[in-house]
Structure formats: structure tokens, C-alpha cells
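Per-entry structural report
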Amino acid sequence: MAVRPYAEAEPALRNNVQPKAALGVFTGSDARGTSRLPEFERWLGREVTVGRTYIPGENWAAFLGPDFILKPWTKWRAEKPGRILAINVPMVAPNEGALDDTTVSVLLSAGANGAFDLTYRQLAARLVAQDAEDSIIVLGWEMNGTTYSSRCGPNPTAWKQYWRRIVAAMKSVPGQNFRFDFTANRGRDAIPWTECYPGDDVVDIIGLDSYDQPPSQSFQEYIDQPYGLRHHAQFAAAHGKPMSFPEWGLFRYGDRPTYVKQMLEWIEKNNVVYHSLSDYCPHGVWLCSDNPRSSDGYRKVLRQMLPPIPTPSPSLTGKPGPTSTPSPSLTGKPGPTSTPAGPSVPLPTGVLPTDLPTHLPTDLPTGLPTDLPTKLPTDLPTGLPTALPVTLPPTRQAAATSPEPTTTPAKSGAPRATPTASPTATPTTSPTGTSSASPRPATPSPTATPTSTATPTSRATPTSSPSASPSPSGTPATAAAALPLRDGQSPTPSPVAVEVQVSSGLVTWVITLCQSLLSLVAGPPVPADPAADLPIGDELPSPAINNPPLP
């Protein structure tokens, strides 16, 4: 029992079939990491849903999260629903500065007393502001070793209390939904990692970094070694926590495809929410060309375990169809679900009529009337009127001499054109974007509806002739104003006046003809439904929108 604690839980673990773990891969902490992920997905043929990055630990100011690291990853996180960030966050600066045990112990004690609470609150606020409020925080990783200053060995009591202070500080930020991943290095190392466990109330995931390295050699030894893979699985089960493998990969034994295969199989059969391969030499299989056999094995096994990248299905709207998303237990947010067409309003009981008809009447007319005219009248006018007025009304003269309207800037900053009746006017829309912490595709405003015809009003509407050309001064040419006539001189019609009157007469004639034809077959107009004008009450209840409980 000293070597294999919780051994009695092993049969239950073997019989417990868990959902597939979400796939992550580390290809770089900054924008190079996000830019490589699409290429990695094409190579693998599977989708990466967990982004992996590290907060620098060279000084305390870096703990706030520099933009060159946070912004590329929060943008990647926001580009597609279902994605999640796993961020390694150190506890002591400098995290890789080779600090001695005494200095580490002093810093851990200071942190346990709240000396660095403000730093972690500011980091949490930056993540929330950049839409990464549900990130997984891998805090003080590999604390049982000696590689990092954020280690537990010099003062385990202060380390555990400091962890609790950090979790409390970050959870105090409004809008956060972080989960904290307690991740040790596989094996005992400098101190048993179970002695650093800070408590179930401040840990959400229990992780393990597992590389192919001594003191063990075979994968079975990795399972059986003290504080190894079996101990990890049993400890997590005993505390009711899921598992993770934030870092794993090849190392001391070179290109070993059997290790890669067995590691993926172990992840598949245990309660692992996510795992992430460190894809750089000597650990990786894609960026590192030193491990070709392991590369082939990694791709082959994952293609058998995970579904292919979903292809958007065409729809009637031309928008991509729904895609698969990870389990809500990983994302911490509900995935996209089908939305009903409208709110479901409960009907009151006891007020509906009970004497509704159960069938339609049978004495409805079955045919059209037979006394309709069979041909159109023959005495309709066959030509346009030849006696056209030669002078414009005063209102049309004022409209003809008015300058062409110009665009007026709207409040949104996009130009909004005043509609005119010119046949050459081209309707345009003004797309507006939604401001958010992460860049998103601009969405056209639903109110920017293009129109091609002017709406008649009681005021004179400026019109322009299709043949009008700009004047040398740059002002659009207008129709000539009415000039005073000499004695005995006949008034000469303006080209604009003739054109307006001809168009008006033609339109009036066509409308009159259509109305005459419709009156022959349509009969008298149907009276409007008096109930259609009843006001709609505003006392209907609105649907309550409640998010499902977080896992």
C-alpha cells in the first residue's frame, strides 16, 4: 500500500469508460504557436481544441501576461466556439533563475501572506477582458521537482497556502470561470507530489507531466512506479477529479513509437479531459524530424480515436452548418444548441372556448362565376396624349433648379446616402463591426437596407435627369430656369419638363389600365378584419434565459 496507494480503486477504473480527451498541442507560446496550429491540423487530419501557452516568469511584471502572448491566444480562443486555453502560470519570479531553497521558502511565505495577490488579480482581469475567462490555469506546474523556482520542496506548508491565496485572488475578479490544474511531474522526484496537494476546494483537475525518461524505462514501469501513472489515476479518482496530461512526449530514449501508442491508449481509457504533446525537439512528432516512426504512430492512433475535422454542410442560407464541439466538461461553457423559433408562452387554463368547430362547412362554392367577360374592351386608348403642358408648376421649377443631394454622415461613422429617383443611383450598405476585446468579423448592420427608389413625400423631392452632366465648376447641371417671355413669343418647353410630363402621363395611363382590368375580375374589396387592429398586450412573459450549471 505504501508503493501503490488506493490500489483497491484499480478495478473500478478499468471498468469505467470515459469520454475521449480533448486534443491539445504546444507549438509555441506566442503568435507562432497559433499560426502553426492550422498546418498541424491539416497534417494530422484532426481538430485541435485546446490551446497551450505559458506566462513568462523572468520577473514579476511578466506575470501580468504580455500582449504578445495573451492576444494571439485569446484571439484564437474567440474565433471558434468550444475552444479552450490551458495557461501555465508560475508562482515565483524568476521562475527559472536557479534560486536557492532559502530564497524560495521566503518568497513562498510572502505569497502565503498575500504579498502577490494584486498581481494575480490583474492577470485574471486581463484574461476576463480578453474573453478568456474560462481558461484552465496550470499553476506552479511540476512543483515536486527542482527545475523551477515555483517548487514545493523548500516549504510545502507555505506552498499550499500560497496556492490557495492565488486561487482566491483570481476567483475574486467578476466574470471569471477559471479552473485550476494541479500538475506534478511523474514519479516521486524531489518530494512526493501528494504532499503538495492544496485541497479539493481549490483544485479542479489533477494533471501529470509524463515524458519518456528515467528512472523507469518501459511503459509498464511508468504505470507501476511510485507516484506514477497508476497512482495519478487512483489519486484523482479518490478525490473526485478528472485528469490531464498538459505536457507529454518523447525524451531520453529517442524515437519510440511504442511509447507514443501506449501513452495515447492510457489517455483514452482513463478519465482525462485534455492532453497536450510538447511538439518540439526532442519531444515532438511534427516540428521535430528526429522521430519519424513516432510521428507515423501518433498520427495513426489519433486518427482511430478522434473523429475527422468536421466539414461545414451547405445550407439554404449559404452559411456553414454546425460543427462538433468538445464536451462541456472541458470548455466550461455550454456548446451551441438548437434555438427554438420563438419563446414558448404558456396558455392560461380554463379560458379557451370549448365549442370550436370540428369540421369545415360543406356548402362552400366549388367553382368560379361563369359570367366573367371573356375579352378586353376594344375602345381603350392606343397612343400617348399629344397635347402636353409646356410649363412647369412652381414646385417642379423649384425642384428642377435644386442642386443634387449629397451623402450625409450617419452617427455610426458610415456614410448614409439620401435616396433619389435617379436611375443611375446605386444602393449601398454600410457594414458596422461589433467592438469587443477580440477581433471578430464585422457583421453588416440589419438596419442598413439598400433602397433603389425614392419615397414620395409632401415636400419637393430633388430629382436628376439621366442625361445630366456635371458643369465645369463641378456642380451637377440642372434644368434651365423659366425665363420671362417677350411679346408674341411662344413658351418653349424645358427638356426636363417634357420628360417629367411624358413619364407622368405614361405611368398614369398604365396604372389606370391595370385598375380597369383588375376591377373586372376581382370584384368588390374584402373588408379588413376588425381584430387585426387590436393592440397587442405587453404583459406576456418573456422567456427566462438560464445557463446550465457548470460541470
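Here the structure is shown first, and the text comes after it.
A brief report on the enclosed structure follows. (Residues numbered from 1 in each chain as written. Predicted model: local features only at pLDDT ≥ 70, side-chain atom pairs only at ≥ 80, totals over all residues. Heavy atoms only, no water.)

1. Section: the nonpolar core
This is how the line gets drawn: Nine residue types can take part in a nonpolar core, namely buried Ala, Val, Leu, Ile, Met, Phe, Trp, Tyr and Cys, and a core is a set of them joined through side-chain atoms within 4.5 Å. Under the scheme applied here, a residue whose accessible area is under 20% of the maximum for its type counts as buried, over 50% as exposed, and between as partly exposed, the area being computed with a 1.4 Å probe on protein chains only. Going along the chain from the N terminus, every DSSP run of H or I of four or more residues is numbered as a helix, and every run of E of two or more is numbered as a strand. It only takes one pair of heavy atoms within 4.5 Å for two residues to be counted as in contact.
Ranked by size, the top nonpolar core spans 82 residues in total, and within it Y120, W163, F182, F245, W248 and Y298 carry the most contacts. Considering every element that reaches this core, the biggest residue donor is helix α6 (residues 156-171), with eight residues. Beyond its immediate sequence surroundings of up to four residues, F245 is in contact with L208, S210, L229, H232, M263, W266, I267, V272, Y274, H275 and S276. Counting 13 residues, the second largest nonpolar core, distinct from the first, contains F26, Y54, Y148 and V273.

2. Here we look at helix α9 (residues 257-269)
Inclusion rule: A helix is expected to span 1.5 Å for every residue after the first. Note that the arc is computed from the directions linking the helix axis to the C-beta atoms.
Relative to the 18 Å expected for 13 residues at 1.5 Å per residue, α9 spans 19 Å between its end C-alpha atoms, a close match to the ideal helical length. Of all the residues in α9, the buried ones are Y259, V260, M263, L264, W266 and I267. Looking down the long axis of α9, one finds its buried residues gathered within 155° of arc, a one-sided arrangement. Among the exposed residues of α9, those oriented more than 90 degrees off its buried face are T258 and K269.

3. Concerning the packing of helix α2 (residues 31-44) against helix α3 (residues 67-78)
Each packed pair of helices is defined by two parameters, the angle between the axes and the distance between the axes. Where we set the bar: Between N-to-C directions, angles span 0 to 180 degrees; the directions come from axes that are lines fitted to C-alpha atoms, helices contributing only their stretch in contact. Small angles under 35 degrees read as roughly parallel and large ones over 145 as roughly antiparallel, with 65 to 115 read as roughly perpendicular and the rest as oblique. Residues are grouped as follows: nonpolar covers Ala, Val, Leu, Ile, Met, Phe, Trp, Tyr, Cys and Pro; charged covers Asp, Glu, Lys and Arg; every other residue, Gly included, is treated as polar.
In contact at an axis separation of 8 Å, α2 and α3 are set at 30° when each is read in the N-to-C sense. Overall, the two elements α2 and α3 adopt an arrangement that is roughly parallel. Counted together, A31, G33, T34 and L37 of α2 and F68, P72, W73 and W76 of α3 form the full contact between these two elements. Taken together, the residues of the contact of α2 with α3 sort by class into six nonpolar, two polar and no charged.

4. What to know about the packing of helix α5 (residues 117-129) against α6
Our working rule: Left-handed is the label given to a crossing in which the near helix is rotated counterclockwise from the far helix by less than a right angle, and right-handed is the label when the rotation is clockwise.
Remark: α5 packs on α6, axes separated minimally by 8 Å, with the N-to-C direction vectors making an angle of 45°. Between α5 and α6, the crossing angle belongs to the class labelled oblique. As α5 runs across α6, the sense of the crossing is right-handed. Together, D117, Y120, R121, L123 and A124 of α5 and Y162, R165, I166, A169 and M170 of α6 make up the contact between the two elements. Class assignment for the residues of the contact of α5 with α6 results in seven nonpolar, no polar and three charged.

5. So, unusual backbone geometry
The peptide bond linking A93 to P94 adopts the cis configuration, its omega dihedral lying at -5°. One can find P94 in the loop between β3 (84-89) and α4 (101-112). Omega for the peptide link from C281 to P282 comes to 10°, which places this bond in the cis form. Considering the arrangement of structural elements, one finds P282 in the loop between β8 (272-278) and α10 (292-305). The phi dihedral of D189 falls on the positive side, at around 60°, and the residue is not glycine. Looking at the secondary structure, you find D189 in the loop between β5 (179-185) and β6 (205-211). Note on D189: relative accessible area 38%, which makes it partly exposed.

Remember, this is a structural readout, not a statement about activity or role.
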